[in-house]
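# Understanding the architecture of this molecule
These are the residues of each chain, in order.
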Amino acid sequence: MKIINGLVFDLERGFIARELYTKNDVITSTASDASDDPIVDASGCYVIPGLVDVHFHGCCGEDFSDATPEGLQKMADYELSNGVTYICPAGMTLPEDQLIKLCQNAANHKASSDHGAELVGINLEGPFLSEAKKGAQNGAYLRDPDLDLLKRLQEEAQGLVKLVTIAPEQPGALDFIRGAGDITVSVGHTTADYDTASAAFAAGARHATHLYNGMPPLHHRTPGVIGAAFDAPSAKVEVICDGVHIHQSVIRLTFRLFGKERVILISDSLRAAGMPDGQYVLGGQDVIVRGNRATLADNPNTLAGSATNLMDCMRTAVSFGIPLEDAVRAASYNPAQSIGMDNRIGTLDAGKDATMILLDQKDLSIKKMIFHGKVIA
């Protein structure tokens, strides 16, 4: 396949006019010799990598934590239809048996599904969190960092666990971080001060879960997790850019503060994404959704995830003044890098997956999608 006339995302140069070539399901550096290769005209379009959401709980009425095969497939189909081609859905603070079920369900889906967004990992957002900063998580199932439990879950997931969130002030946290191996440890849902968070990053944590939310605020004398993440060059930070969780000025500040290389856009969506306003369930707790705002039913001041998919979060970032090339990077390459998948996905370089989205240059709507070398929309 040859993709012509588009402005193509480049990690170093932004958007450049060039042709893209694919063979089977891989991007190649040169065109095929075959004269009958299909041509995709990308005139008037930006060509970007498929997006990678490393932190979302659900969508279209389904939740990853329900651990049902049909629900996970429905989620994968919805995400792909919105240009989110690679997914790393997140669990919640749940009983161990339910965590095992969602890990098994993900592994079975990975082995058998032949359509929808590709599941590339599991994000364990819980149960190793702080009671004081649990947010919409169920406090009844919180527990201290437990490396043996993490290893059991990873075994049930057949190696799919890519991210795990911990509160580093909890007993055993530093040993947990050092023993997590290839799993990226993220600091979040925490009351940690600067020194405690810095010790976590020094021990090997390299990610911060939905920055600003579920942690102490940045203060000029007590910089907390935010300051510690800034001072840890290897740390990447998630931001929920739905227009509700974080003010647009802070979105701009975060990109300036951490640089385009270290910001990861996430949706943190719950099952209400793609659904009408109403009452939903998240981690066993009732949630009220009105527009983009989702809150606990019994505590309207506690946000409970978003009702927005990652593509819309990326568009929102652009509307807030983030350059398109930086927003695309934060929704594709940076998250792929954070879970060790950047050798395969996240850019449009030769040797990478032939997965790309053609966005209308006028309004960033999806004009066409190519997934694993095939035009699917």
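Residues numbered from 1 in each chain as written. Predicted model: local features only at pLDDT ≥ 70, side-chain atom pairs only at ≥ 80, totals over all residues. Heavy atoms only, no water.

### Examining the sheet that holds strand β5 (residues 26-28)
Pairing within the open sheet is mixed, and its four strands lie in the order β5-β4-β1-β6. Each edge of the open sheet carries a strand with a single partner, namely β5 and β6 (39-41). Across this sheet, the average inter-strand angle for adjacent strands is 30°, counted without regard to direction. Here three bridges tie strand β1 (residues 2-4) to β6, and the two strands are oriented parallel to one another. Bridge pairing in β6 links I4 to D41. (Pairing = 2+ DSSP bridges. Helix = DSSP H or I, 4+ residues; strand = E, 2+ residues; numbered from the N terminus. Axes fitted to C-alpha atoms, helices over the stretch in contact; angles between N-to-C directions.)

### Concerning the sheet that holds strand β8 (residues 51-53)
Consider a sheet: its strands pair through backbone hydrogen bonds, and that pairing is either parallel or antiparallel. Read across the open sheet, the three strands follow the order β8-β11-β13; overall the sheet is parallel. Unpaired on one side and paired on the other, β8 and β13 (118-119) mark the two borders of the sheet. Across two bridges, the pairing between strand β11 (residues 84-87) and β13 is parallel. When the bridges of β13 are listed, Y86 appears paired with E118.

### Description of a nonpolar patch on the surface
A cluster of nonpolar side chains, contributed by F230, L253 and L257, occupies part of the molecular surface with about 240 Å² of accessible area. Examined against the element boundaries, L253 turns out to sit in helix α7 (residues 248-258). (Patch = residues over 30% accessible without salt bridge, like charges linked within 9 Å, V, L, I, M, F, W, Y side chains within 5 Å. Areas by Shrake-Rupley, 256 points an atom, 1.4 Å probe, with all protein chains shown as cover. Salt bridge = Lys/Arg side-chain N within 4 Å of Asp/Glu carboxyl O.)

### Observations regarding the state of the cysteines
Enumeration according to the criterion identifies zero disulfides in this entry. Here C241 stays free of any disulfide, with the sulfur of C313 as its closest cysteine sulfur at 6.3 Å. A relative accessible area of 0% places C241 in the buried class. (Disulfide = S-S within 2.5 Å. Buried < 20%, exposed > 50% of the residue type's maximum accessible area, 1.4 Å probe, protein only.)

### Thoughts on the pattern of salt bridges
Taken as a whole, this structure holds 14 salt bridges when the rule is applied. With a closest N to O distance of 3.9 Å, E62 and K74 form a salt bridge. A residue pair is termed long-range when its members are at least 10 positions apart, and E62 in strand β10 (residues 62-63) and K74 in helix α1 (residues 69-81) qualify at 12 residues. Since its relative accessible area comes to 19%, E62 is described here as buried. Taking relative accessible area as the criterion, K74 reaches 40% and is therefore assigned partly exposed. As a salt-bridge pair, R143 and E96 come within 3.7 Å of each other at their nearest N and O atoms. Pair noted here: R143 is in the loop between β14 (122-128) and α3 (147-156) and E96 is in helix α2 (residues 96-112), with a separation of 47 residues, a long-range link. In the salt-bridge network here, residues are joined through shared partners; they are E96, R143, D146 and R152.

### Re the nonpolar core
By size, the foremost hydrophobic cluster in this structure holds 99 residues, and its most contacted members are I48, I122, F201, L265 and M314. Those residues in contact with F201 that lie beyond four places of it in its chain are V187, R206, H207, V225, A228, A229, A232 and A235. Listed in part, the 14 residues of the second largest apolar core include I3, A42, V47 and I370. (Core = buried A, V, L, I, M, F, W, Y, C linked by side-chain atoms within 4.5 Å. Contact = heavy atoms within 4.5 Å.)

### Some details on helix α8 (residues 310-319)
Residues L310, M311, C313, M314, T316 and A317 constitute the buried set of α8. N-cap assignment for α8: the residue whose side-chain oxygen lies 3.1 Å from the backbone N of M311 is N309. Immediately beyond the C-terminal end of α8, within one or two residues, lies G321, with a positive phi of roughly 105°. (Polar contact = N/O pair within 3.5 Å; in protein donor to acceptor, adjacent residues only side chain to side chain.)

### Thoughts on the pairing of β14
Of all seven residues making up β14, seven are buried, and the element is well covered by its neighbours. With two bridges connecting them, strand β12 (residues 90-91) and β14 associate as parallel partners. In the sheet register, G91 faces β14, and the bridge partner there is L124. The pairing of β14 with strand β15 (residues 161-166) spans four bridges and is parallel. Bridging from a neighbouring strand, F128 pairs with I166 of β15.

### Concerning the pairing of strand β20 (residues 278-282)
Strand direction decides the pairing type here: β20 and strand β21 (residues 285-290), joined by five bridges, are antiparallel. Within the sheet, the bridge partner assigned to Q279 lies in β21 and is I288. The hairpin formed by β20 and β21 contains two residues between the paired strands, and G283 there has a positive phi angle of roughly 55°.

### Re the packing of α8 against helix α9 (residues 324-331)
Put simply, α8 and α9 touch, their axes get as near as 9 Å, and they point 150° apart. Relative to α9, the element α8 is oriented roughly antiparallel. For the element pair α8 and α9, the recorded crossing hand is right-handed. Judged by residue contacts, L310, M314, A317 and V318 of α8 engage L324, A327, V328 and A331 from α9. (Parallel < 35°, antiparallel > 145°, perpendicular 65-115°, else oblique. Left-handed = near helix turned anticlockwise from the far one by under 90°.)

### Observations concerning the packing of α1 against α2
Contact geometry of α1 with α2 gives a least axis separation of 10 Å together with a crossing angle of 60°. Judged on the interaxial angle alone, α2 and α1 are oblique. The handedness of the crossing between α1 and α2 is right-handed. Residue-level contacts link P69, L72, Q73 and A76 of α1 to N105, A106 and H109 of α2. The class makeup of the residues in the contact of α1 with α2 is four nonpolar, three polar and no charged. (Nonpolar A, V, L, I, M, F, W, Y, C, P; charged D, E, K, R; others polar.)

From the geometry alone we can't say anything about function, so treat these as descriptive.
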